[in-house]
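Residue strings, one per chain:
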Amino acid sequence: MKIVKYILIVLLVALVIIQFVRPEKNNDGYESVIFFEKETKPSAEVALLLKENCYDCHSNQTQYPWYSEIAPFSFWLDEHIEHGKGHFNVSVWDSYSIKKKDHKMEELIEMVEEGEMPLNEYTWVHGNLTETEQNLILQWAALVRLQYKSQLQVSSK
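Because the structure is predicted, anything quoted here is derived from the model rather than measured. (Residues numbered from 1 in each chain as written. Predicted model: local features only at pLDDT ≥ 70, side-chain atom pairs only at ≥ 80, totals over all residues. Heavy atoms only, no water.)

Caption draft 1: Representation of the environment of N89 in the model. Mapped onto the fold, N89 is located in the loop between α5 (73–87) and α6 (98–113). The exposure class assigned to N89 is buried, which follows from its relative accessible area of 7%. Put simply, N89 and Y55 are 34 residues apart on the chain and 8.4 Å apart in space, counted from C-alpha to C-alpha. In contact with N89, not counting residues within four places along its chain, are H58, S59, N60 and Y96. Of the polar contacts made by the side chain of N89, one reaches the side chain of N60; its length is 3.5 Å. (Helix = DSSP H or I, 4+ residues; strand = E, 2+ residues; numbered from the N terminus. Buried < 20%, exposed > 50% of the residue type's maximum accessible area, 1.4 Å probe, protein only. Contact = heavy atoms within 4.5 Å. Polar contact = N/O pair within 3.5 Å; in protein donor to acceptor, adjacent residues only side chain to side chain.)

If you want it as structure tokens, here you go:
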């Protein structure tokens, strides 16, 4: 019984100490997505869906929930954000080639169609996209891909 009490005290002390260690915040403000939105021209409805469902993990513009101030959740969120930005970061969209932009939009379509985005961990708190919302995003992304494909065809001639 004493060993269990000792372990619980050590865990409590560790939990208190870890509260003073914070990952760096991912927030460059809304300006970080302006180029992406200007180039891809989402409708107001799609832009709102992207802001509410995608930008937290796929841009330099994270809106942090209240629980992000509590470790270990803060570290868990930071890992998700860094992982998401590693795959698809709209804040650096202007640095991508046309071919890479087309590929990233292809991946976006694939992930939404397969129900892999947004992640289950995100939807537990924020809710899932409705079928109508998914279709809006997919239609917009398909139009963006057509734009990039035509640019690729022109540049290859």
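Caption draft 2: Structural view of the packing of aromatic side chains. Counting across every chain of the model gives 6 aromatic pairs. Between F36 and W93, the aromatic rings sit 5.0 Å apart at their centres with planes inclined by 85°, giving edge-to-face as the arrangement. Note that F36 is positioned in helix α2 (residues 34–40) and W93 in the loop between α5 and α6, a separation of 57 residues in sequence. Measuring from centroid to centroid gives 6.4 Å for W93 and Y148, while their planes differ by 45°, and the two rings are tilted. You can see W93 sitting in the loop between α5 and α6 and its partner Y148 sitting in helix α8 (residues 131–156), a full 55 residues away along the chain. The exposure class assigned to W93 is buried, which follows from its relative accessible area of 0%. What makes Y148 buried here is its relative accessible area of 0%. (Phe/Tyr/Trp six-rings, centres within 6.5 Å; stacked < 30°, edge-to-face > 60°.)

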